[in-house]
Each structure stands twice: as structure tokens, then as C-alpha cells.
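Notes for the structure review
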Amino acid sequence: MFVFRYINYLFLIVALLTISTSYGQQAIIKVLDSKTNEPVPYAHACFESISSGDQMHNMTNDLGEISNEIKEKTLLAVTFVGYETLFDTLNVGESKTLFLRPTVLI
């Protein structure tokens, strides 16, 4: 009887730790210039949940990084003056490095 109770408690602890670590992780998106591999600070990012349509707008930091706070599969659009708009799809908890291509004005 004691062994079964111990196993149940152990299972509960492992389940709680798994849930808490999955919610504690942030998905970081890094935005870089495709020619120089330098970060693109202050690029605008629009995250849109595919299922609910909820949107979150934010800007990359000095290192060209931004976190995806939406906990569902997400459409992402990244824009910055002098670069082509980049569109991508992100899975929950997915971190990614994206490369913006500079536009050539003639």
C-alpha cells in the first residue's frame, strides 16, 4: 500500500514540474539582417493567433529579439523600413532566428 501511495505522489510531483517548466519558457524570436547577420533593433512584429485571431504588437529590442507571448500556433509579420516584410508561422514555444532582406531602391 505504501509503495502505491509513494508512486502516486512521485507521479504528481513530476507532472507538476513538467507543467510549470513548460509555462515558464519563453519563445524568443531573433531578427537579423540577411546580408550582415547583424541584429535589427526596433523592427515591428505582429503576432496573430491562428485559432482565435488575437493579436500582439511589439518591437524587437537592441539585440533584435522579441518574445512570442501567444500560447497558440501563431502567424508572424515582421516589418522595418528598408527591408522586405517577412511572414512566418510559429508553433507554441518555438524559438527561431529570422532574416530580413534589405530592399534595393532604384
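None of the values given here were measured: they were computed from a predicted structure. (Residues numbered from 1 in each chain as written. Predicted model: local features only at pLDDT ≥ 70, side-chain atom pairs only at ≥ 80, totals over all residues. Heavy atoms only, no water.)

Considerations on the sheet that holds strand β1 (residues 27-33)
Our working definition: Two strands make a pair as long as DSSP finds a minimum of two bridges between them. Only DSSP runs of H or I reaching four residues or more are called helices, and only runs of E reaching two or more are called strands; each is numbered from the N terminus. In this description, a line fitted to the C-alpha atoms serves as the axis of each element, helices being fitted only across the stretch in contact, and the angle between N-to-C directions of two axes falls anywhere from 0 to 180 degrees.
Read across the sheet, three strands follow the order β4-β1-β7 without closing on themselves; strand pairing throughout is mixed. Since the sheet does not close on itself, it has two edges, and those belong to β4 (65-68) and β7 (96-100), each with one partner. Each strand of the sheet is rotated relative to its neighbour by a mean of 30 degrees, with strand direction disregarded. The pairing of β1 with β4 spans four bridges and is classified as antiparallel. What sits directly across from isoleucine 29, in β4, is isoleucine 66.

With respect to the nonpolar core
Convention followed: Note on terminology: a nonpolar core comprises buried Ala, Val, Leu, Ile, Met, Phe, Trp, Tyr and Cys residues joined through side-chain atoms within 4.5 Å. Buried, partly exposed and exposed residues are distinguished by accessible area as a fraction of the type maximum, computed with a 1.4 Å probe on protein chains only: under 20%, between the cut-offs, and over 50%, respectively. Two residues qualify as a contact provided that any one of their heavy atoms is within 4.5 Å of a heavy atom in the partner residue.
If you look at the biggest cluster of nonpolar residues, it comprises 16 residues, and the most contacted ones within it are Ile29, Phe47, Leu76, Val78 and Leu100. For this core, the secondary structure elements donating two or more residues are β1, β2 (44-49), β5 (74-79), β6 (86-90) and β7. Setting aside residues up to four positions removed in sequence, leucine 100 forms contacts with Val31, Leu32, Asp33, Ser34, Val40, Val78, Phe80, Tyr83, Glu84 and Leu86.

A look at the confidence of the model for the chain
Keep this limit in mind: Per-residue confidence from the predictor is reported as pLDDT, which spans 0 to 100.
Overall, the prediction assigns the chain a mean pLDDT of 83, with 75% of residues at 70 or greater. Within the chain, no element has a lower average pLDDT than helix α1 (residues 2-24), which sits at 55, and none a higher one than β7, at 96.

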